[in-house]
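Descriptive analysis of the structure
Chain by chain, the residues:
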Amino acid sequence: MNVQFKKGVLDLCVLALTAWEDRYGYELAVSMSAKFEVAVGSVYPLLSRLTQEGYFSTYLRESSEGPPRKYYKLTPQGHTHLMELIREWRSFSIAVDEIIKEGVER
């Protein structure tokens, strides 16, 4: 998959995956990788930035499989941002589909 496509939607994907439950970084990377290839290392800087921007709060939770894991919880500001991104994505994807139909699928 085109790298630029992925870069453009990673924020949306990470925020969407945390809408209903708190997640830790590796878990998010694995969930996204089930749909398209995502390097685990690319998720952590993204989570850090989104946390600094106020879209996530974090906490540590003990793990039976090793050290405690840092979980990311969507804040009210993060939820608002997620809803904005979803609206933008839906509008954008409809427009791109229309262009494809107009240009290719005549």
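Calculation rules
- Residues numbered from 1 in each chain as written.
- Predicted model: local features only at pLDDT ≥ 70, side-chain atom pairs only at ≥ 80, totals over all residues.
- Heavy atoms only, no water.
- Pairing = 2+ DSSP bridges.
- Helix = DSSP H or I, 4+ residues; strand = E, 2+ residues; numbered from the N terminus.
- Contact = heavy atoms within 4.5 Å.
- Axes fitted to C-alpha atoms, helices over the stretch in contact; angles between N-to-C directions.
- Parallel < 35°, antiparallel > 145°, perpendicular 65-115°, else oblique.
- Nonpolar A, V, L, I, M, F, W, Y, C, P; charged D, E, K, R; others polar.
- Patch = residues over 30% accessible without salt bridge, like charges linked within 9 Å, V, L, I, M, F, W, Y side chains within 5 Å.
- Areas by Shrake-Rupley, 256 points an atom, 1.4 Å probe, with all protein chains shown as cover.
- Salt bridge = Lys/Arg side-chain N within 4 Å of Asp/Glu carboxyl O.
- Lys, Arg positive; Asp, Glu negative; His and termini not counted.
- Charge placed at Lys NZ, Arg CZ, Asp CG, Glu CD.
- Buried < 20%, exposed > 50% of the residue type's maximum accessible area, 1.4 Å probe, protein only.
- Phe/Tyr/Trp six-rings, centres within 6.5 Å; stacked < 30°, edge-to-face > 60°.
- Lys NZ or Arg CZ within 6 Å of the ring centre and 35° of its normal.
- UniProt positions renumbered as here; feature names shortened; annotations may be inferred.

What follows concerns the sheet that holds strand β2 (residues 56-63). The three strands are arranged β1-β3-β2 in an open sheet whose pairing can be described as antiparallel. Of all the strands in the sheet, just β1 (23-24) and β2 have a single pairing partner and so form its edges. Direction of pairing for β2 relative to strand β3 (residues 66-74): antiparallel, over a ladder of seven bridges. In the strand pairing of β3, Ser57 is matched with Lys73. In the packing of helix α3 (residues 40-52) onto the sheet, the strands contacted are β2 and β3, and the crossing angle to β2 comes to about 130°.

Let us now look at the packing of helix α1 (residues 3-17) against α3. Interaxial distance between α1 and α3 falls to 11 Å at its minimum, and their mutual angle equals 75°. It follows that α1 is roughly perpendicular to α3 by the angle criterion. From α1, Leu10, Asp11, Val14 and Leu15 reach across to α3, where they touch Leu46, Leu47, Arg49 and Leu50. The residue inventory of the contact of α1 with α3, partitioned by class, reads six nonpolar, no polar and two charged.

Judged by side-chain charge, Asp97, Glu98, Glu102 and Glu105 come together as a negatively charged surface patch. Among the structural elements, Glu105 can be located in the segment after α4 (76-103). For Glu105, a relative accessible area of 53% translates into the label exposed.

Here we come to the packing of aromatic side chains. The way to describe two aromatic rings as a pair is by their centre distance and the angle between their planes. Enumeration according to the criterion identifies four aromatic pairs in this entry. Relative to Tyr71, the ring of Tyr59 has its centre 5.7 Å away and its plane inclined at 10°; by these criteria the two rings are stacked. Separated by 12 residues along the polypeptide, Tyr59 in strand β2 and Tyr71 in strand β3 bring together distant segments of the chain. By the ring-pair criterion, three or more aromatic residues cluster together here, those being Tyr24, Tyr59 and Tyr71. Residue placement shows Arg61 over the ring face of Tyr71; its charged tip is 4.2 Å from the ring centre.

Below, the discussion takes up the UniProt feature "domain: Transcription regulator PadR N-terminal" (unreviewed entry) in the chain. UniProt tags residues 14-82 as "domain: Transcription regulator PadR N-terminal" (unreviewed entry). Taken end to end, residues 14-82 comprises 48% helix and 28% strand; its first and last C-alpha atoms sit 9 Å apart.

On the surface, Trp89, Phe92, Val96, Ile100 and Val104 cluster together to form a nonpolar patch covering roughly 480 Å² of accessible area. With respect to the secondary-structure elements, Val96 resides in helix α4.

Bringing the pattern of salt bridges into the picture now. If you walk through the whole model with that rule in mind, you get five salt bridges. As a salt-bridge pair, Arg23 and Glu27 come within 4.0 Å of each other at their nearest N and O atoms. Overall, Glu27 belongs to the partly exposed group, its relative accessible area being 21%. The closest approach of N and O atoms between Arg69 and Glu65, which form a salt bridge, is 3.0 Å. Residues participating in the shared-partner salt-bridge network are Asp11, Arg49 and Glu53.

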